[in-house]
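Examining the three-dimensional arrangement
These are the residues of each chain, in order.
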Amino acid sequence: MNKQFINGEWVDAISKQTYSLINPATEETIGTMSFASTEDTRVAIEAAHEAFKAWSKTTPYTRADILKKASNYIRENILVFAKDMVLESGKPFAEAKGEWTVAANLFEWYAEEAKRSYGKVIPTNRLDKRSTVIWQPMGVIGIITAWNFPAYNPARAWAAALAAGCSVVAKPSESTPLSAFHMTKALTEAGLPKGVLNLIIGDAPMIGEEMLSNPLLKKISFTGSTRVGKILMDGASKTHTKLSLELGGNAPVLIFDDVDVEVIAKASAIARFRNNGQVCIAAQRFYVHKNIYKKFTEAVTKYVSQLKVGTGFEDGVNVGPLITKKQKENVVDLLKKAKTENAEILTGGNTPEHLPNGYFLQPAVVANLTQQSVLARNEIFGPVLPIFSFEDLDDAIAKANDTEYGLAAYVFTNHLKTAILASERLAFGIVGINEWAPHGTESPFGGWNHSGQGHESGSDGLYEYMEKKLISIAV
Ligand code: ADP
């Protein structure tokens, strides 16, 4: 399956180019993958355009049957799929399995939701006129996704676009193609007609460029860095390609002094290091009320130093390797810069002695930081928990909102008024109150400011792939 999937066939890249897929936990080669570029993308877009003609005319009930079968196929093969996800991403097996369950849930949920893409009838001010609004599938969608969630990221966009009646040219990250292969297999086994889903793995800038300039492709749904999001925004004007962008984040966590410090510190140590901090909504900047700053810092340092680092197949492992050597270097570099700013590394930040191979980094806690620190200004995307303090609600909100990002924020308090005021004043698309997982299959996920545009998940996610049409009738 380590090929391109175009118009219902597994094929080599036209150029015959390949690359080696590396296991981030061992630095060993997992396999040789086919590497596509412009021409493959063009052929895939043309296949998707042709397939759209029939697929867009199916009823949502027909599409639901296929998507539900795909969901079941994922559930039936979850152990094999999760194993391959561990190999390509390094994440702990339990996290990989959980991610595949969510992917299956997404296909099932969108299978049902497309049946409810209701339009509306609008009363007019004339007796001889009727106004209705209907939703129709947009056309060929390019879906570019990042490596941090090799199944969840594609599933969220593929399921919604396919349920809406669109055809897809998908470009998952070249670092994690195996999960995308499995998801493609699930859909084809479920009976998805040829050309409706095409899978391209290869040269990202060239594939992106072809998607942007090919007039047959109507929209790009992108999950990845703000840097690449901006490249796509620049290019989208050429053919007026629409964009949904799910970009970076730099989530603040506000911890007020009425909480049980020990409980929150223990939970913080787990939440911050889920998927090694490589999560766009990851709790990142920990703002702790000055009255509990010392107690929280000591407790969280204790819990973080107890986290078990290792390969995803070992029992009880909390933290795996980073995805690439470059990603590890980025995090090490941020820590080095923070040190020059007088930051204090309370634990971690080094390569664990027992794991010399692979891209492992011991989870770090860092204190003595200002708002200007590199650890406050940048999305870390790695295993570092920086701690700051605040005086009161106003100070906490000002510091939390002091970022160009606006994806997620978290608040921990038992005080109702504080929770309500904080949730209303935080300039972020997602706010979790006393919880670490504020998103769900059924709810809208999207960022403000430099964190993106548009929404995924929930019914908002479906309408990202549909056009609204007004039909006005003279009678
Ligand atoms: P990350 O650094 O987290 O991988 P990226 O934004 O670089 O984030 O990657 C997200 C996705 O975007 C990946 O599938 C990657 O291959 C793709 N990508 C990277 N550069 C470009 C580009 N210039 N045009 C289109 N897609 C790109």
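Here goes a summary of the coordinates provided. (Residues numbered from 1 in each chain as written. Predicted model: local features only at pLDDT ≥ 70, side-chain atom pairs only at ≥ 80, totals over all residues. Heavy atoms only, no water.)

1. Comments concerning the site of the ligand
- In the neighbourhood of the ligand, 17 residues make up the surrounding shell, with Thr145, Trp147, Lys171, Glu174 and Ser225 lying closest.
- The separation between an oxygen atom of the ligand and a polar side-chain atom of Lys171 is 2.9 Å.
- Notes on the ligand: free accessible area 550 Å², of which the protein chains cover 85%.
- Of all the secondary-structure elements, those providing two or more residues to the shell around the ligand are helix 7 (204-213), strand 10 (217-223) and helix 8 (226-235).
- In terms of residue count, the dominant contributor to the shell around the ligand is helix 7 (three residues).
- When the residues that make up the shell around the ligand are grouped by side-chain class, the tally is eight nonpolar, six polar and three charged. (Near = heavy atom within 4 Å. Polar contact = N/O pair within 3.5 Å; in protein donor to acceptor, adjacent residues only side chain to side chain. Areas by Shrake-Rupley, 256 points an atom, 1.4 Å probe, with all protein chains shown as cover. Helix = DSSP H or I, 4+ residues; strand = E, 2+ residues; numbered from the N terminus. Nonpolar A, V, L, I, M, F, W, Y, C, P; charged D, E, K, R; others polar.)

2. A look at the nonpolar core
- Formed by 97 residues in total, the largest nonpolar core has its most connected members in Trp100, Phe107, Trp158, Leu187, Ile255, Ile281 and Phe296.
- With 10 residues, the single largest contributor to this core is helix 5 (residues 152-164).
- Mapping this core onto the domain boundaries places at least three of its residues in each of domain 1 (4-247 + 449-474) and domain 2 (251-433).
- In contact with Trp158, other than residues within four places in its own chain, are Phe107, Ile143, Ala170, Ala180, Met183, Thr184, Leu187, Leu197 and Leu199.
- Residues Ala364, Leu375, Ala409 and Phe428 belong to the second largest nonpolar core, which totals 30 residues. (Core = buried A, V, L, I, M, F, W, Y, C linked by side-chain atoms within 4.5 Å. Buried < 20%, exposed > 50% of the residue type's maximum accessible area, 1.4 Å probe, protein only. Domains from an automatic or database assignment. Contact = heavy atoms within 4.5 Å.)

3. Here's the deal with helix 4 (residues 93-113)
- Along its 21 residues, helix 4 runs 30 Å from first to last C-alpha, staying within 8% of the 30 Å computed at 1.5 Å per residue.
- Tucked inside the fold, the buried residues of helix 4 contact helix 2 (60-76), helix 3 (78-89), helix 5, helix 6 (177-189) and helix 15 (458-463). (Expected span 1.5 Å × (residues − 1).)

4. Focus on the pairing of strand 18 (residues 430-433)
- Burial of strand 18 is one-sided: the residues Ile430 and Gly432 facing one way are buried, the residues Val431 and Ile433 facing the other way are not.
- Direction of pairing for strand 17 (residues 408-412) relative to strand 18: parallel, over a ladder of four bridges. Directly across from Ala408, in strand 18, lies its bridge partner Ile430.
- Each parallel crossover has a hand, and the one from strand 17 via helix 14 (residues 416-425) to strand 18 is right-handed. (Pairing = 2+ DSSP bridges. Right-handed = clockwise from strand over helix to strand, strands pointing away.)

5. Quick word on unusual backbone geometry
- With a phi close to 50°, Asn7 is a non-glycine residue in the positive phi region.
- Positionally, Asn7 belongs in the loop between strand 1 (4-6) and strand 2 (9-11).
- The exposure class assigned to Asn7 is partly exposed, which follows from its relative accessible area of 31%.
- Even without glycine at this site, Asn449 takes up a positive phi of about 55°.
- Among the secondary structure elements, Asn449 is positioned in the loop between strand 18 and strand 19 (452-453).

Nothing here speaks to function; it is all geometry.
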